[in-house]
Amino acid sequence: AYEHTLALEASFHEQGRYFRFWGNHDDAWSHEDLVEEHLAPHFGSNALKVLEGLRFRVVDGTEELGHVFFIHGQQGERLATRFAWFSRFVVRYFWRPFQRLTGFALNTPAKSWELRQKLNIAMSTWAARQDKLIPGAGHTHYPVFESKTHAAQVEEALREEEQRGVRDPKKIALLQAELEWILTQERRTGDGGPSAPPKPCYFNIGCCCFNDGDVTGIEITEGEIRLVRWPDNEGRPRPKILARSNLAEDFKQLRPPPSPALR
């Protein structure tokens, strides 16, 4: 159904610049025979291997700084992993027909503030225990940068804007409104919860298509890790940098907590 999109992806694949991951919505691609049957014809002569995760080394010259670990992000959800066979069966033959008839929907991480916060906090907590490892994920449709919650990011942006010599009242008002909405949602769902760890150890790409058509993603380039949005402020197909940090500096802060003394 999306041959044009697959053709664009194939151009990256032919250049050796493409890695595809499977998640809970397309775990058919975890089976090599299905990849060969349905995807391979669109990706040319180079064999396509769909991954569950990818871990790669980050180096500065000869010094190894650490590892970046990419996954879709459903890992850890029981229904999406351990009991995926059961949830697939129920959704396909019972839940989907029921939804079509009634229009009824349950909360998912894409729509539930509480669920996606719990998942992001769980990811951040796990990442904080690792040694120089930065995970990048999606799944929750909720951008996270350096393990900072959405509220923390907006508060920081608001402080920076208020400290400028020439302040933009309209921008400040929009940030204040966004922060109030976030805090209201947290109070309504009881999801103030534990704060994300202070280490800059977890990043979430956000969403491939928000309601207004925007796309967010994580870029690693020129020694930086960035949270970006397409299109830019002028509506052009170029990334707008929302947040950025020096990757080497982030890795310096990633130390595993000391092991408890044995008695």
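Residues numbered from 1 in each chain as written. Predicted model: local features only at pLDDT ≥ 70, side-chain atom pairs only at ≥ 80, totals over all residues. Heavy atoms only, no water.

Asker: Give me the lowdown on the overall build of the protein chain, citing residues and values where you can.
Answerer: Within the protein chain, the secondary structure is distributed over 7 helices and 9 strands. Of all 263 residues assigned to the protein chain, the portion counted as buried reaches 35%. Counting contacts in the protein chain only where the partners sit at least 6 residues apart, residues at least 24 apart contribute 56% of the total. Total accessible area on the protein chain stands at roughly 17200 Å², and carbon and sulfur atoms take up 55% of it. (Helix = DSSP H or I, 4+ residues; strand = E, 2+ residues; numbered from the N terminus. Buried < 20%, exposed > 50% of the residue type's maximum accessible area, 1.4 Å probe, protein only. Contact = heavy atoms within 4.5 Å. Areas by Shrake-Rupley, 256 points an atom, 1.4 Å probe, with all protein chains shown as cover.)

Asker: Describe the sheet that holds strand β5 (residues 133-137), with residues and values.
Answerer: Read from one edge to the other, the open sheet built from 4 strands follows the order β3-β4-β5-β6, with strand pairing classed as mixed. Of all the strands in the sheet, just β3 (53-60) and β6 (203-204) have a single pairing partner and so form its edges. Bridge count between β5 and β6: 2 bridges; the pairing is parallel. Note on β6: the bridge partner recorded for Ala 137 is Asn 204. (Pairing = 2+ DSSP bridges.)

Asker: Describe the confidence of the model for the protein chain, naming the residues involved and giving the relevant values.
Answerer: For the protein chain, per-residue confidence averages 79 on the pLDDT scale, and 75% of positions sit at 70 or higher. Here helix α6 (residues 169-189) is the element of the protein chain with the lowest mean pLDDT, 69, and strand β2 (residues 50-51) is the one with the highest, 95. Across residues 189-197, where pLDDT falls below 50, the model places 16 contacts with residues more than four positions away in sequence or in other chains. (pLDDT = per-residue confidence, 0-100.)

Asker: I'd like a rundown of the sheet that holds strand β9 (residues 240-246), residues and numbers included.
Answerer: Note: strands within a sheet are paired through backbone hydrogen bonds, in either parallel or antiparallel orientation. With respect to topology, 3 strands assemble into an open sheet ordered β7-β8-β9, the strand pairing being antiparallel. Each edge of the sheet is formed by a strand with only one pairing partner; in this case those strands are β7 (215-221) and β9. Averaged over all pairs of adjacent strands, the angle between their axes in this sheet comes to 20°, without regard to strand direction. (Axes fitted to C-alpha atoms, helices over the stretch in contact; angles between N-to-C directions.)

Asker: Kindly report on the nonpolar core, identifying the contributing residues and their values.
Answerer: Ranked by size, the top nonpolar core spans 17 residues in total, and within it Ile 134, Phe 145 and Phe 251 carry the most contacts. Broken down by secondary-structure element, the contributors of at least two residues to this core are β4 (63-71), α4 (113-128), β8 (224-230) and α7 (247-252). Ranked by the residues each element gives to this core, the list is headed by α7, at 3 residues. Residues within four places of Ile 134 in sequence aside, it is in contact with His 67, Val 68, Phe 69, Pro 200, Cys 201, Phe 203, Leu 247, Asp 250, Phe 251 and Leu 254. (Core = buried A, V, L, I, M, F, W, Y, C linked by side-chain atoms within 4.5 Å.)

Asker: Provide a residue-level description of the packing of aromatic side chains, including the pertinent values.
Answerer: Tallied over the full model, the rule gives 3 aromatic pairs. A ring pair is formed by Phe 145 and Phe 203, whose centres lie 5.0 Å apart and whose planes are at 85°; its orientation type is edge-to-face. Linking Phe 145 in the loop between β5 and α5 (150-162) with Phe 203 in strand β6, this pair joins segments that are 58 residues apart in sequence. A residue is classified by how much of its surface remains accessible, and Phe 145, at 4% relative accessible area, is buried. Given a relative accessible area of 2%, Phe 203 falls into the buried group. (Phe/Tyr/Trp six-rings, centres within 6.5 Å; stacked < 30°, edge-to-face > 60°.)

Asker: So, the environment of Asp 168: which residues are in play, and what are the values?
Answerer: Its location among the elements puts Asp 168 in the loop between α5 and α6. By relative accessible area, which is 34% here, Asp 168 ends up partly exposed. Here the side chain of Asp 168 touches Lys 170 through a polar contact of 3.1 Å, landing on its backbone nitrogen. (Polar contact = N/O pair within 3.5 Å; in protein donor to acceptor, adjacent residues only side chain to side chain.)

Asker: Report on the pattern of salt bridges, specifying residues and quantitative values.
Answerer: Taken as a whole and judged by the stated rule, the model has 11 salt bridges. Residue Asp 214 is joined to Arg 229 by a salt bridge in which the shortest nitrogen-to-oxygen separation is 3.7 Å. Of the two residues, Asp 214 sits in the loop between β6 and β7 while Arg 229 sits in strand β8, which places them 15 residues apart along the sequence. For Asp 214, a relative accessible area of 17% corresponds to the buried category. Exposure remark for Arg 229: the relative accessible area of 18% places this residue in the buried category. As a salt-bridge pair, Glu 222 and Arg 226 come within 2.9 Å of each other at their nearest N and O atoms. For Arg 226, a relative accessible area of 8% corresponds to the buried category. The network of salt bridges with common partners includes Glu 222, Glu 224, Arg 226 and Arg 244. (Salt bridge = Lys/Arg side-chain N within 4 Å of Asp/Glu carboxyl O.)

Asker: Mind laying out the side chain of His 67, listing which residues take part and the relevant values?
Answerer: Tracing the backbone shows His 67 in strand β4. Among residues more than four places away in sequence, those in contact with His 67 are Arg 55, Phe 56, Arg 57, Lys 132, Leu 133, Ile 134 and Phe 251.

Asker: Residue-level account of unusual backbone geometry, with values.
Answerer: Of note, the amide linkage connecting Trp 230 to Pro 231 takes the cis form, showing an omega dihedral of -5°. Mapped onto the elements, Pro 231 comes out in the loop between β8 and β9. A positive phi angle, close to 55°, is found at Lys 132, a residue other than glycine. Within the secondary structure, Lys 132 sits in the loop between α4 and β5.

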